[in-house]
Amino acid sequence: MAGDSAAKIKAYAVPAVLFSLSMLYQLVLLPRAFPPSHYDVLGLKTYCSMEEVKEAYENLESKWNSGLEVPTTTEFIKIRYAYELLTNPIWKRNYDVFGINEQDHVLEKLSQQYAGEKFSNIALPLLRTVASDTADYAFNVITSKEFQSMFQDSKPWLLQVYSSGSNQSAQFANSWKRIAALLNGVANIGMVELGEVQVAAYLSERKPMGRFFFRNGLPSVVAFPSGCKTSDCLIRFEGELSVDAVTDWFAMAVLNLPRIFYYSKESLGPRFLAKSSPHKVKVIFFSKTGERATPAIRQAARDYWNYATFACVLWREEEFSVWWNTFGVESAPAVVFLKDPGLKPLVYHGSVNDSWFLDVLEQNKQQELPQLRSLTSEELGCDARGYSRAGRDTLTWYCAILAGRLGPELDSMRETMRRVQETLSKSSVLKAASEDEHSITAAVALKSKRLTLSWLDGETQKNYCFFYLNIESSYETCGPRRVRTDVPRLFIIRYERNATEDTFKVDKKAKSIWGFHQQIVDPAAQLSVTYNGSAKVSQIIQWMSNIIEDGDSRKLPFYRVKTPELVPEDAEPFWSRGPQGLLSKSMGTKQKIQRTIIRIYDYLGDPRIGPALLLGALMSFGSIWLMRTQQNRSVQSSQPSQADNDDKLKPRERRRERNASKRNLPPSITDFEPKDSYQTPLSDSD
């Protein structure tokens, strides 16, 4: 019997669990998801008119005044709160359509404040209305007619859904103005009043039963990325409403801009300056407030990521001596540009204007002695395919390159080349009579952009370095460091373009090996000369002038060859992978879990779940009972009874006894026919 009971319990476990869940949902979870509304407090139907609300409250008030009913303090607060909420047209609209009840915390606060007192001592009214006018903070308000046409602009949109009767919307007004100012020129800003029901419902969320709601109340901030024109791709802000939080969210999730981190005096050196690429300019912002960089500055950081790296520092008065001795910063806000090693920092004090900063960044994006890289080769004119900076009509131009491995030796020589460049720049504006004759040629070439001075990372660009420094000791300059000594070397490349080959076009399919070699060569001829003199500025200038004079006056061989490609020194930035790439995997997993929990919580308020669980329990119970009944019947039919077995065995036993008795009897005379016997034939009469 115990085994049968356990089998039955095990068989009916699923319907029992479903039935228990349905009862739990109907009796516990569903009432919590649908608490009594403010209409229920007044004994009214949902969505009734304000006149009916006033009439119901007056009837209750007359009973209280006459002494027929004396409400408790908590009951009076709930009834009065419902009356004030539902007699305000804006509050009633927000509550009926979107379920917004932003002053609900007043109920608990007043119940604790007036606990134990009579209801007549409660100060009225309970709720405060918005004192400010809508026009004070509402700008660029979008109506339903304008909503369809606003997506014609390619810029992303940031929208705030607000209510003219919302206290929280009024408190957020100044922050919204600041956000709009920070995003000016980067995105379009708009506001949608909750009275525009169609647009507000389009921007809201939906519960499983189809009701519109705003999860975090008002104001609600949503964004449409560039190219997004439907609600399927809009992004909803779910954090704390502040200027810093909203702008940072919009810059990263919508504009796909990088984040500029803050560093302290201890971490700025090892974590920023030491880890930043040596070929990039360092831009440091000093701030008193600690706010994040504006979207315009972050967009500049994205646009100039090949040239500069950015950092922020929180200014403290007690750290004045550190920043003054290190960078020459005496107050904040300020911007510091760190360019070549050993060069004095460039400091700008005062607030940063976006347009001004872009101009200054464009002027200082390169180092004083620019680096020859895959990105800057054509810009510097050190590319046989890009031709000279002086123009495509220039037939001969020069590029002086200092190559070496990063270290103190290269830094010292870079400083020498900066002084060479500075001397030539100053000489270009002086008269020839007052200058050394040997410096005039190089100075004029530099002024006319036929001469460029640059430096090359010989370790990263080893193929390019070995190609031009084809000498036995090139390993001291090019490639990985194998010896302790690093020897920077200066060489100059003479480029010559053949004017008759302007229409030169490379054939994509080489028909022969000769055609293949013709395909890979550069269109301009190249000849290089290595400098073997001292590190004096005057001797370097004299050598460069001699090279330029010989190259311009003498007819040199037209030697054209394929130059090794310059290796890109920067990997693809992480923000170029799209908004998903801005978040780490852990953050992405955390957000997915939170969204899943929120969706489950929303579905717990669906009244269809309880009946569905109950129906599933009944159906599973019925199907299990039917299956077990059929199994019992089939078992009983397959096992015959004892009486039937006796009846079936008796004929067999009788046949066996009869056969056995026959075997024991003696044979009869009729069993065998005698040998001499015969059959008498029968007559007709017989």
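Reading guide: rules and limits
Residues numbered from 1 in each chain as written. Predicted model: local features only at pLDDT ≥ 70, side-chain atom pairs only at ≥ 80, totals over all residues. Heavy atoms only, no water. Helix = DSSP H or I, 4+ residues; strand = E, 2+ residues; numbered from the N terminus. Polar contact = N/O pair within 3.5 Å; in protein donor to acceptor, adjacent residues only side chain to side chain. Contact = heavy atoms within 4.5 Å. Buried < 20%, exposed > 50% of the residue type's maximum accessible area, 1.4 Å probe, protein only. Disulfide = S-S within 2.5 Å. UniProt positions renumbered as here; feature names shortened; annotations may be inferred. Phe/Tyr/Trp six-rings, centres within 6.5 Å; stacked < 30°, edge-to-face > 60°. Lys NZ or Arg CZ within 6 Å of the ring centre and 35° of its normal. Pairing = 2+ DSSP bridges. Axes fitted to C-alpha atoms, helices over the stretch in contact; angles between N-to-C directions. Salt bridge = Lys/Arg side-chain N within 4 Å of Asp/Glu carboxyl O. Patch = residues over 30% accessible without salt bridge, like charges linked within 9 Å, V, L, I, M, F, W, Y side chains within 5 Å. Areas by Shrake-Rupley, 256 points an atom, 1.4 Å probe, with all protein chains shown as cover. Lys, Arg positive; Asp, Glu negative; His and termini not counted. Charge placed at Lys NZ, Arg CZ, Asp CG, Glu CD. Expected span 1.5 Å × (residues − 1). Right-handed = clockwise from strand over helix to strand, strands pointing away.

1. Here's the deal with the side chain of arginine 489
Then step 1. Mapping arginine 489 onto the fold places it in strand 14 (residues 489-497).
Then step 2. Within polar-contact distance, the side chain of arginine 489 engages the side chain of glutamate 476 at 3.5 Å.
Then step 3. Among the polar contacts made by the side chain of arginine 489, one reaches the side chain of threonine 477 at a distance of 2.6 Å.
Then step 4. Those residues in contact with arginine 489 that lie beyond four places of it in its chain are Ile401, Leu402, Ala403, Leu469, Ile471, Ser473, Glu476 and Thr477.

2. Focus on the environment of alanine 400
Then step 1. With respect to the helices, strands and loops of the structure, alanine 400 is situated in strand 12 (residues 396-404).
Then step 2. Given the relative accessible area of 0%, alanine 400 is considered buried.
Then step 3. A C-alpha to C-alpha distance of 6.4 Å links alanine 400 and isoleucine 493, two positions 93 residues apart in sequence.
Then step 4. Excluding residues within four positions of it along the chain, alanine 400 makes contact with Leu451, Thr452, Leu453, Ser454, Leu490, Phe491, Ile492 and Met544.

3. Things to note about the state of the cysteines
Any covalent bond linking the sulfur atoms of two cysteines counts as a disulfide.
Then step 1. Across all of its chains, the model carries three disulfides by this definition.
Then step 2. The disulfide partner of cysteine 382 is cysteine 399, and the gap between their sulfur atoms is 1.8 Å. Between cysteine 382 and cysteine 399, the S-S torsion sits near 75 degrees, and that sign places the bridge as right-handed. Of the two residues, cysteine 382 sits in the loop between helix 17 (377-380) and strand 12 while cysteine 399 sits in strand 12, which places them 17 residues apart along the sequence.
Then step 3. Owing to a relative accessible area of 3%, cysteine 382 belongs among the buried residues under this scheme.
Then step 4. For cysteine 399, a relative accessible area of 0% translates into the label buried.

4. Observations concerning the UniProt feature "transmembrane region" (unreviewed entry) in the protein
Then step 1. Within this numbering scheme, the UniProt entry marks residues 12-30 as carrying the feature "transmembrane region" (unreviewed entry).
Then step 2. Secondary structure content for residues 12-30 is 95% helix and 0% strand, and the end C-alpha separation is 26 Å.

5. Things to note about the packing of aromatic side chains
Then step 1. Using the criterion set out here, one finds 32 aromatic pairs in the structure.
Then step 2. Ring geometry for tyrosine 57 versus tyrosine 83: centroids 4.1 Å apart, planes at 15 degrees, classification stacked. In this pair, tyrosine 57 is assigned in helix 4 (residues 50-66) and tyrosine 83 in helix 5 (residues 73-86), connecting sequence segments 26 residues apart.
Then step 3. Consider the rings of tryptophan 397 and tyrosine 495, whose centres lie 5.4 Å apart with planes at 15 degrees: the pair is stacked. Of this pair, tryptophan 397 sits in strand 12 while tyrosine 495 sits in strand 14; the two residues are 98 residues apart in sequence, bridging distant segments of the chain. You'll find tryptophan 397 and tyrosine 495 in the same group, each marked buried.
Then step 4. Note that lysine 207 overlies the ring of phenylalanine 213, its terminal NZ or CZ placed 5.3 Å from the centroid.
Then step 5. Of note, arginine 497 hangs over the ring of tyrosine 387, and the distance from its end group to the ring centre comes to 4.9 Å.

6. So, the sheet that holds strand 15 (residues 524-530)
Then step 1. Pairing within the open sheet is mixed, and its four strands lie in the order 13-12-14-15. Both outer strands of the open sheet, strand 13 (451-457) and strand 15, are each paired with one neighbouring strand and no more. Neighbouring strand axes in the sheet, compared pairwise and without regard to direction, differ in orientation by 25 degrees on average.
Then step 2. Taken together, the eight bridges between strand 12 and strand 14 define a ladder with antiparallel strand orientation. Within strand 14, the position partnered with isoleucine 401 by the bridge is phenylalanine 491.
Then step 3. Of the strands in this sheet, strand 12, strand 13, strand 14 and strand 15 touch helix 22 (residues 537-553), which is tilted by about 145 degrees from strand 12.

7. Re the pattern of salt bridges
Then step 1. This model, assessed by the stated rule, comprises 28 salt bridges.
Then step 2. The partner of arginine 414 in a salt bridge is aspartate 340, with the nearest N and O atoms 4.0 Å apart. Note that arginine 414 is positioned in helix 18 (residues 408-427) and aspartate 340 in the loop between strand 10 (334-338) and strand 11 (346-349), a separation of 74 residues in sequence.
Then step 3. By relative accessible area, which is 3% here, aspartate 340 ends up buried.
Then step 4. Salt-bridge contacts for arginine 489 lead to glutamate 476; the nearest nitrogen and oxygen are separated by 3.5 Å. Here arginine 489 is found in strand 14, whereas its partner glutamate 476 is found in the loop between helix 20 (462-468) and strand 14, with 13 residues between them in sequence. By the burial criterion, arginine 489 is buried, and glutamate 476 matches it.
Then step 5. Taken together, the shared-partner salt bridges connect Asp244, Asp248, Arg259, Arg292 and Arg298 into one network.

8. Focus on unusual backbone geometry
Then step 1. Here the residue pair leucine 124 and proline 125 is connected by a cis peptide bond, since its omega of 0 degrees sits within 30 degrees of zero.
Then step 2. The residue proline 125 is located in the loop between helix 7 (105-113) and helix 8 (144-147) in this model.
Then step 3. The omega torsion across alanine 332 and proline 333 is 5 degrees, close enough to zero to call that bond cis.
Then step 4. Here proline 333 shows up in the loop between helix 15 (320-326) and strand 10.
Then step 5. The phi dihedral of tyrosine 387 falls on the positive side, at around 65 degrees, and the residue is not glycine.
Then step 6. Checked against the element boundaries, tyrosine 387 lands in the loop between helix 17 and strand 12.
Then step 7. Despite not being glycine, lysine 449 has its phi angle at roughly 65 degrees, a positive value.
Then step 8. Mapped onto the fold, lysine 449 is located in the loop between helix 19 (437-447) and strand 13.

9. Let's talk about a negative patch on the surface
Then step 1. There is a patch of like negative charges on the surface, built from Glu51, Glu52, Glu55, Glu58 and Glu61.
Then step 2. You can see glutamate 55 is positioned in helix 4.

10. What about a nonpolar patch on the surface?
Then step 1. A cluster of nonpolar side chains, contributed by Val17, Phe19, Leu21, Met23, Leu24, Leu27, Val28 and Leu29, occupies part of the molecular surface with about 660 Å² of accessible area.
Then step 2. Within the element layout of this structure, leucine 29 appears in helix 2 (residues 13-33).

11. Looking at the pairing of strand 14
Then step 1. With respect to burial, strand 14 is a largely interior element, nine of its nine residues being buried.
Then step 2. The side-chain alternation of strand 14 yields two buried faces, one formed by Arg489, Phe491, Ile493, Tyr495 and Arg497 and the other by Leu490, Ile492, Arg494 and Glu496.

12. Things to note about helix 5
Then step 1. For helix 5, spanning 14 residues, the distance from its first C-alpha to its last is 20 Å, which sits close to the expected 20 Å at 1.5 Å a residue.
Then step 2. Within helix 5, eleven of the 14 residues are buried, which leaves it mostly tucked inside the rest of the structure.
Then step 3. Within the sequence span of helix 5, burial applies to Thr73, Phe76, Ile77, Ile79, Arg80, Tyr81, Ala82, Tyr83, Glu84, Leu85 and Leu86.
Then step 4. At its buried positions, helix 5 is contacted by helix 3 (38-41), helix 4, helix 6 (89-98) and helix 7.

13. Focus on the environment of glutamate 205
Then step 1. Checked against the element boundaries, glutamate 205 lands in strand 3 (residues 205-206).
Then step 2. For glutamate 205, a relative accessible area of 18% gives the class buried.
Then step 3. In this structure the side chain of glutamate 205 is engaged in a polar contact, spanning 3.0 Å, whose partner is the side chain of arginine 215.

14. What about the pairing of strand 8 (residues 281-287)?
Looking along a regular strand, one sees side chains alternate from face to face of the sheet.
Then step 1. Counting buried positions over the seven residues of strand 8 gives seven, a clear majority of the element.
Then step 2. Side chains Val281, Val283, Phe285 and Ser287 of strand 8 all project onto a buried face; the interleaved residues Lys282, Ile284 and Phe286 project onto the opposite face, where all are buried too.
Then step 3. Note that strand 8 and strand 9 (residues 308-314) share seven bridges and pair parallel. Bridge pairing in strand 9 links isoleucine 284 to alanine 311.
Then step 4. Handedness of the strand 8-helix 14 (residues 295-303)-strand 9 crossover: right-handed.
Then step 5. Of the pairings in the sheet, the one linking strand 8 to strand 10 comprises five bridges and is antiparallel in character. What sits directly across from lysine 282, in strand 10, is leucine 338.

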